[in-house]
Amino acid sequence: MSESLPPLVMPRSLAIRILHLAQIAQPAAIRGVVGARGGEPVSFHPDVEAPAAGESLWAELWSHPLAPAVPQAAELHDGRLSLVVSLNTKGVLEMRAWRLIAGAASEQVLTIRD
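The rules we used
Residues numbered from 1 in each chain as written. Predicted model: local features only at pLDDT ≥ 70, side-chain atom pairs only at ≥ 80, totals over all residues. Heavy atoms only, no water. Pairing = 2+ DSSP bridges. Helix = DSSP H or I, 4+ residues; strand = E, 2+ residues; numbered from the N terminus. 1 Å grid on protein atoms, 1.4 Å probe; cavity = no way out; pocket = protein on both sides within 12 Å on 5 of 7 lines; lining within 4 Å. Points joined across faces, edges and corners; volume = space filled by probe spheres on them. Nonpolar A, V, L, I, M, F, W, Y, C, P; charged D, E, K, R; others polar. Buried < 20%, exposed > 50% of the residue type's maximum accessible area, 1.4 Å probe, protein only. Contact = heavy atoms within 4.5 Å.

> Give a detailed account of the pairing of strand 3 (residues 40-46), specifying residues and quantitative values.
Here strand 2 (residues 31-37) runs beside strand 3; their pairing, made up of 6 bridges, is antiparallel. Its bridge partner being in strand 3, Val 34 is matched across the sheet by Phe 44. Taking the residues that link successive antiparallel strands as the turn, the strand 2-strand 3 hairpin has 2 residues, and the phi of Gly 38 there is positive, at about 60 degrees.

> How would you summarise the layout of surface pockets if you had to cite specific residues and measurements?
By volume, the largest pocket amounts to about 190 Å³. Lining the largest pocket, in full, are Arg 31, Gly 32, Val 33, Asp 47, Val 48, Glu 49, Glu 60, Leu 61, Trp 62, His 77 and Arg 80. Among the secondary structure elements, those contributing two or more residues to the lining of the largest pocket are strand 2 and strand 4 (56-64). Class assignment for the residues of the lining of the largest pocket results in 4 nonpolar, 2 polar and 5 charged.

> Lay out the side chain of Glu 60 in plain terms, naming residues and giving numbers.
Locating Glu 60 in the fold gives a position in strand 4. We classify Glu 60 as buried; its relative accessible area is 12%. What Glu 60 contacts, discounting residues up to four positions off in sequence, is Gly 32, Val 33, His 77, Arg 80, Leu 81, Ser 82 and Leu 83.

> Go over unusual backbone geometry with me, naming the residues and quoting the values.
With an omega of 15 degrees, the peptide bond between Gln 26 and Pro 27 qualifies as cis. Of note, Pro 27 is situated in the loop between helix 1 (12-25) and strand 2. One non-glycine residue, Asp 47, lies in the positive phi region at around 60 degrees. When you line up the elements, Asp 47 lands in the loop between strand 3 and strand 4. For Ala 102, which is not a glycine, the phi torsion comes out positive at approximately 55 degrees. Note on placement: Ala 102 falls in the loop between strand 6 (94-101) and strand 7 (104-108). Residue Ala 102 is classed as exposed on the basis of its relative accessible area, which comes to 82%.

What follows is the structure, encoded as structure tokens:
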């Protein structure tokens, strides 16, 4: 994990929506983008590569139904935040944040707020 990257904050309601969509989609994976307003994540748009009008791209997101929430470096894009959801846990869904730094996947702290 990179100590130089600031922690990210996501609203609890958005995190719950994303995890729920990943859970009901299994065994299929979900993909999409997280849109932001004023730098704050506000929405998830499944099956698209760009956020809605009036929003900026906060993160790309996908799920790994049968694998840990750890991406391969080839799955990441330089300079973009990526969120990976794992369903490969017993009773607990997991969402982790990653960036490509110097050609390697580097985890960034993701916190959920009310």
